[in-house]
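The lines below spell out each chain.
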Amino acid sequence: PQLRREVRRNHLMTKEEKLLHLSNVVYIAGTDKVISEAEAKAIEIVRLQIGASEGDLKKALHAVNNGNHQLTPFGRFSAKVRNLEDMILVAISDGEISKSEKPEILSFAKTIKISQDQITEILSEAKLRIKSQKTTMTCTSCEKEIPPDSIFCSECGHRVVSS
């Protein structure tokens, strides 16, 4: 239910804003030249929460991989903060913020005028988000793991209900 509310709320983002949001998140994950499995899962959660398409994610990955992206604040202050929250979420999804991720995150935070105390609070909240996020759910019919936003099981076709 919370994921669905997040998706509904974030459908107000334009396609360009969704692409920038994802590109910023992917950029942070890729600063150490490797996107870990945990980071990839966190990026997918962010993609779903902002209502971006798989095509948007592919475009973001392409822009970052080609060196055509720099961290870019966009939109209202709340959108900038949400983007920072998601960047921090992805950065810590594999255990800690790496040496290459930290200066980029701090620079972005400074640009949008976020204090150290606020960064510490966002970091604490991101850790709680990681603990509470479920990246898959189980089909009640065949018990296979499927994406959390599924309506039908991709394995057996059974209609599933998100919890």
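Residues numbered from 1 in each chain as written. Predicted model: local features only at pLDDT ≥ 70, side-chain atom pairs only at ≥ 80, totals over all residues. Heavy atoms only, no water.

1. Considerations on the overall build of the protein chain
Turning to step 1, where the next piece is worked out: When you go through the protein chain residue by residue, the secondary structure sums to 7 helices and 2 strands.
Turning to step 2, where the next piece is worked out: The order of α-helices and β-strands along the protein chain, N terminus first, is α-α-α-α-α-α-α-β-β.
Turning to step 3, where the next piece is worked out: Within the protein chain, contacts between residues separated by at least 24 positions form 66% of all contacts whose residues are at least 6 apart in sequence.
Turning to step 4, where the next piece is worked out: Accessible area of the protein chain: about 9700 Å², with a carbon and sulfur share of 53%. (Helix = DSSP H or I, 4+ residues; strand = E, 2+ residues; numbered from the N terminus. Contact = heavy atoms within 4.5 Å. Areas by Shrake-Rupley, 256 points an atom, 1.4 Å probe, with all protein chains shown as cover.)

2. Topic: unusual backbone geometry
Turning to step 1, where the next piece is worked out: If you check the backbone angles, Lys33 has positive phi at about 75 degrees while not being a glycine.
Turning to step 2, where the next piece is worked out: Mapped onto the elements of the fold, Lys33 is located in the loop between helix H2 (15-29) and helix H3 (37-50).
Turning to step 3, where the next piece is worked out: According to the relative accessible area criterion, Lys33 is exposed, its value standing at 75%.
Turning to step 4, where the next piece is worked out: Even without being glycine, Lys113 reaches a positive phi, approximately 65 degrees. (Buried < 20%, exposed > 50% of the residue type's maximum accessible area, 1.4 Å probe, protein only.)

3. Some points on helix H6 (residues 101-111)
Given 3.6 residues to a turn, an α-helix orients residues that are three or four positions apart in the same direction.
Turning to step 1, where the next piece is worked out: Listing the buried residues of H6 in full gives Glu101, Ile105, Phe108 and Ala109. All buried residues of H6 lie within an arc of 100 degrees about the axis, which places them on one face of the element.
Turning to step 2, where the next piece is worked out: Buried-residue contacts for H6 involve H2, H3, helix H5 (77-92) and helix H7 (116-132).
Turning to step 3, where the next piece is worked out: Once H6 finishes, Lys113 follows within two positions and takes phi at roughly 65 degrees, a positive value. (Arc of directions from axis to C-beta.)

4. Details of the packing of H5 against H7
Turning to step 1, where the next piece is worked out: Packing of H5 against H7 brings their axes to within 9 Å, and their N-to-C directions diverge by 60 degrees. The angle between H5 and H7 falls in the class oblique. Read as a crossing pair, H5 and H7 show a hand that is right-handed. Contact residues: H5 offers Val81, Arg82, Leu84, Glu85, Asp86, Ile88, Leu89 and Ile92, while H7 offers Ile122, Leu123, Glu125, Ala126, Lys127, Arg129 and Ile130.
Turning to step 2, where the next piece is worked out: By residue class, the composition of the contact of H5 with H7 is 9 nonpolar, no polar and 6 charged. (Axes fitted to C-alpha atoms, helices over the stretch in contact; angles between N-to-C directions. Parallel < 35°, antiparallel > 145°, perpendicular 65-115°, else oblique. Left-handed = near helix turned anticlockwise from the far one by under 90°. Nonpolar A, V, L, I, M, F, W, Y, C, P; charged D, E, K, R; others polar.)

5. Re the pattern of salt bridges
Turning to step 1, where the next piece is worked out: Tallied over the full model, the rule gives 5 salt bridges.
Turning to step 2, where the next piece is worked out: A salt bridge links Lys15 to Asp56, with the shortest nitrogen-to-oxygen separation between them at 2.8 Å. Taken together, the residues Lys15 in helix H2 and Asp56 in helix H4 (residues 54-65) connect sequence positions 41 residues apart.
Turning to step 3, where the next piece is worked out: Lys15 sits in the partly exposed class, given a relative accessible area of 45%.
Turning to step 4, where the next piece is worked out: According to the relative accessible area criterion, Asp56 is buried, its value standing at 3%.
Turning to step 5, where the next piece is worked out: For Arg47, the salt bridge identified is with Glu44, shortest N-O distance 2.6 Å. With Arg47 and Glu44 both in helix H3, this residue pair falls 3 residues apart, about one helical turn.
Turning to step 6, where the next piece is worked out: On the basis of relative accessible area, Arg47 is assigned to the buried category, the value being 7%.
Turning to step 7, where the next piece is worked out: What you see here is one network of salt bridges that share partners, running through Arg82, Asp86 and Arg129. (Salt bridge = Lys/Arg side-chain N within 4 Å of Asp/Glu carboxyl O.)

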